[in-house]
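Examination of the molecular architecture
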Amino acid sequence: MFVPSKIFFTKGVGIHKDQLASYELALRKAGIERCNLVYVSSIFPPYCKQISAESGLRQLKSGGITYCVMARNDTKEPNRLISAAIGLALPKDINEYGYLSEHHAYGDTAEKTGEYAEDLAATMLATTLGIEFDTDKAWQEREQIYKASGRIIRTTHTCQSAQGNKDGNWTTVIAVAVFLP
């Protein structure tokens, strides 16, 4: 069974009169348009190493089956704010798996969407690790609880946002975690 050993994060935005072409342009901006993308669920494998997008993109092969976790959003409404984010939460113990989350939003800033995705990933990991917390607390408060537990070492996110094209063309945003062997 294939278990990824590396991961990188990328993002992009595309604008076109056709929805599919807008998505293709977002893939191009992210550098992954030449891959056959297979969407997978949100587990960050044990021992998986995060690498730079530049290094990861160099390792892709045209036409290759490429596993990823993708957040995607699009609009045809002029000036509408859209965003897509991938959140990451890693356990301290590299023998354990972490979580990736995908989130997309309308009307939220990149910061808000990104923090929400990060919160989702951290909350999934915290519940798996048995860390007790109050779900009604703000993300910043829970983040401190998670990290103070000593069992979650890092949380982060990548996010792409854009305003809908003023001429009513399709605008697509993507945020992607790409797995490599």
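These figures come from a predicted structure and were not determined experimentally.

It is worth spelling out the overall build of the chain at this point. The secondary structure content of the chain amounts to four helices and nine strands. Structurally, the chain occupies a C-alpha span of about 50 × 40 × 20 Å along its principal axes. The buried share of the chain, reckoned over its 181 residues, is 46%. Partitioning the contacts of the chain with sequence separation of at least 6, the portion at a separation of at least 24 is 75%.

For Thr171, the position within the fold is in strand E9 (residues 170-180). A distance of 2.9 Å separates a polar atom in the side chain of Thr171 from the backbone nitrogen of Asn165. Once residues lying within four places of it in the same chain are set aside, the contact partners of Thr171 are Val13, Gly14, Ile15, Ser22, Asn73, Asp74, Thr75, Ile82, Ala162, Gln163, Gly164 and Asn165.

With that out of the way, let us pick up the pattern of salt bridges. Taken as a whole and assessed by the stated rule, the structure comprises nine salt bridges. Glu24 is the partner of Arg28 in a salt bridge, and the nearest nitrogen-oxygen pair spans 3.0 Å. Taken as a pair, Arg28 and Glu24 lie in helix H1 (residues 19-30) at a separation of four residues, close to a single helical turn. Overall, the relative accessible area of 48% leaves Arg28 in the partly exposed class. A salt bridge links Asp108 to Lys112; the shortest N-O distance between them is 3.8 Å.

Turning our eyes to something else, we now look at the nonpolar core. Judged by nonpolar contacts, the single largest core of 17 residues is most densely connected at Ile7, Phe9, Phe44, Ile86, Leu100 and Ala177. Every element with two or more residues in this core is listed here: strand E1 (6-16), strand E5 (65-75), strand E6 (81-91) and E9.

By secondary structure assignment, the location of Phe133 is in the loop between helix H3 (110-129) and helix H4 (139-148). Sequence-wise, Phe133 and Ile145 are 12 residues apart; in three dimensions their C-alpha atoms are separated by 7.2 Å. For Phe133, the residues in contact, after removing those within four places along its chain, are Thr123, Ala126, Thr127, Arg142, Ile145 and Tyr146.

This paragraph deals with the environment of Ala30. Within the secondary structure, Ala30 sits in helix H1. Along the primary structure Ala30 and Ile174 are separated by 144 residues, whereas in three dimensions their C-alpha atoms are 8.0 Å apart. The residues touching Ala30, leaving out its near neighbours within four places in the chain, are Thr10, Lys11, Gly12, Leu57 and Ile174.

The next thing to look at is the sheet that holds E6. Read from one edge to the other, the open sheet built from four strands follows the order E3-E7-E6-E8, with strand pairing classed as antiparallel. The sheet is open, and its two edges are formed by strand E3 (43-44) and strand E8 (152-163), each paired on a single side. Both E6 and E8 contribute to a ladder of 11 bridges, which runs antiparallel. Bridge pairing links Ala84 to Gln160 in E8. Its contacts with the sheet put H3 on E6, strand E7 (98-106) and E8, and the angle it makes with E7 is roughly 145°.

Looking now at the packing of aromatic side chains. A complete count under the given rule lists three aromatic pairs for this structure. Measuring from ring centre to ring centre gives 5.7 Å for Tyr97 and Tyr99, while their planes differ by 65°; the resulting arrangement is edge-to-face. With relative accessibility at 14%, the residue Tyr99 sits in the buried group. Here the aromatic rings of Trp139 and Tyr146 are separated by 6.2 Å at their centres, their planes lie at 50°, and the arrangement is tilted. There is no split in this pair, since Trp139 and Tyr146 are both buried. The ring of Tyr23 has Arg72 sitting right over it, with the charged end atom 3.6 Å from the ring centre.

So, how was this worked out
- Residues numbered from 1 in each chain as written.
- Predicted model: local features only at pLDDT ≥ 70, side-chain atom pairs only at ≥ 80, totals over all residues.
- Heavy atoms only, no water.
- Helix = DSSP H or I, 4+ residues; strand = E, 2+ residues; numbered from the N terminus.
- Buried < 20%, exposed > 50% of the residue type's maximum accessible area, 1.4 Å probe, protein only.
- Contact = heavy atoms within 4.5 Å.
- Polar contact = N/O pair within 3.5 Å; in protein donor to acceptor, adjacent residues only side chain to side chain.
- Salt bridge = Lys/Arg side-chain N within 4 Å of Asp/Glu carboxyl O.
- Core = buried A, V, L, I, M, F, W, Y, C linked by side-chain atoms within 4.5 Å.
- Pairing = 2+ DSSP bridges.
- Axes fitted to C-alpha atoms, helices over the stretch in contact; angles between N-to-C directions.
- Phe/Tyr/Trp six-rings, centres within 6.5 Å; stacked < 30°, edge-to-face > 60°.
- Lys NZ or Arg CZ within 6 Å of the ring centre and 35° of its normal.

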